[in-house]
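# Structure at a glance
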Amino acid sequence: MEEKHVERISRTLVRAGSILDIYDDEMLLPDGSTEHWDFVSHRKGAAAVVPVLPDGRILLVRQYRPALERYTWELPAGCRDTPEEDTRVTAIRELKEETGCESDNVTKLLSLKTTVAFCNELVDVYLARGVRKTGGQELDPAEAISMKAFEPEELVRMITEFSIQDGKTVAGVMTYLALYKGK
């Protein structure tokens, strides 16, 4: 069977933001018709980290997310300072800033595109083992972040009961448990 292709005819910038650009794409569909699709370009990319304490618990941060109009439990994460910044540097910085913790054992766990239907955001997720408290949080003025350590089984329950729905957190925690639990 021959695969039919979709082709972009044009891309028009609708709004330029500080991190995101929103575009209107005119698309040519396989049947010859055209449609307008939204496209969100994430200019910087981001990194997240699964911080595993020496006792095996995983540290999450709690912060308000206006898109959901509620607080969420998430992995420490943030945007790269520049599009060229190594995401490992970003992950280590965000761990320190959001939790006051550090690790000497930080490795890449996975790379994911968060919402492929309309956005090109890339988040590299790292694993930090042997995480230890080395200072206080270094939050941005607009951040109000608390933190808590969870047993892995508790996080699986929270994910399967839908109280944790953040994609990078679900992917990071479940990948870590699939690859490293009991090792």
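What counts and what doesn't
Residues numbered from 1 in each chain as written. Predicted model: local features only at pLDDT ≥ 70, side-chain atom pairs only at ≥ 80, totals over all residues. Heavy atoms only, no water. Core = buried A, V, L, I, M, F, W, Y, C linked by side-chain atoms within 4.5 Å. Buried < 20%, exposed > 50% of the residue type's maximum accessible area, 1.4 Å probe, protein only. Helix = DSSP H or I, 4+ residues; strand = E, 2+ residues; numbered from the N terminus. Arc of directions from axis to C-beta. Salt bridge = Lys/Arg side-chain N within 4 Å of Asp/Glu carboxyl O. Phe/Tyr/Trp six-rings, centres within 6.5 Å; stacked < 30°, edge-to-face > 60°. Lys NZ or Arg CZ within 6 Å of the ring centre and 35° of its normal. Pairing = 2+ DSSP bridges. Axes fitted to C-alpha atoms, helices over the stretch in contact; angles between N-to-C directions. Expected span 1.5 Å × (residues − 1).

Now for the nonpolar core. Core analysis: the largest hydrophobic core is formed by 23 residues, its most contacted members being Val50, Leu60, Val125, Leu155 and Tyr176. Of all the elements in the fold, those that place two or more residues in this core are β4 (46–52), β5 (58–65), β9 (105–113), β10 (122–129), α2 (152–160) and α3 (167–180). Here the element with the most residues in this core is β4; it accounts for four residues.

Okay, α2 next. For α2, the set of buried residues is Pro152, Leu155, Met158 and Ile159. Buried positions in α2, seen along its axis, are confined to an arc of 120 degrees and lie on one side of it. Directly after α2, the chain includes Phe162, whose backbone phi takes a positive value near 70 degrees.

So, on to the pattern of salt bridges. Counted by the stated rule, this structure contains 15 salt bridges. As a salt-bridge pair, Glu74 and Lys168 come within 2.9 Å of each other at their nearest N and O atoms. Of this pair, Glu74 sits in strand β6 (residues 70–74) while Lys168 sits in helix α3, placing them 94 residues apart in sequence. Taken as a pair, Glu74 and Lys168 share a single burial class, namely buried.

The next point concerns the packing of aromatic side chains. One pass over the full model with this rule turns up four aromatic pairs. Judged by centre distance (5.4 Å) and plane angle (70 degrees), the rings of Tyr64 and Tyr71 are edge-to-face. For Tyr64, a relative accessible area of 41% corresponds to the partly exposed category. The ring of Tyr23 has Arg11 sitting right over it, with the charged end atom 5.4 Å from the ring centre.

Turning our eyes to something else, we now look at the sheet that holds strand β1 (residues 7–16). In spatial order, the strands read β1-β2-β3; together these three strands make up an open sheet with antiparallel pairing. Only two strands of the sheet have a single partner each, and these edge strands are β1 and β3 (34–42). Averaged over all adjacent pairs, the angle separating strand axes in this sheet is 25 degrees, with direction ignored. Across nine bridges, the pairing between strand β2 (residues 20–28) and β3 is antiparallel. Considered in β3, the bridge of Leu28 is made with Thr34.

Taking 1.5 Å as the rise per residue, α3 with 14 residues should run 20 Å; its terminal C-alpha atoms sit 19 Å apart, in good agreement. Those residues of α3 that sit buried are Lys168, Thr169, Gly172, Val173, Tyr176 and Leu177. Angularly, the buried residues of α3 cover 145 degrees about the axis, an arc narrow enough to put them on a single face.

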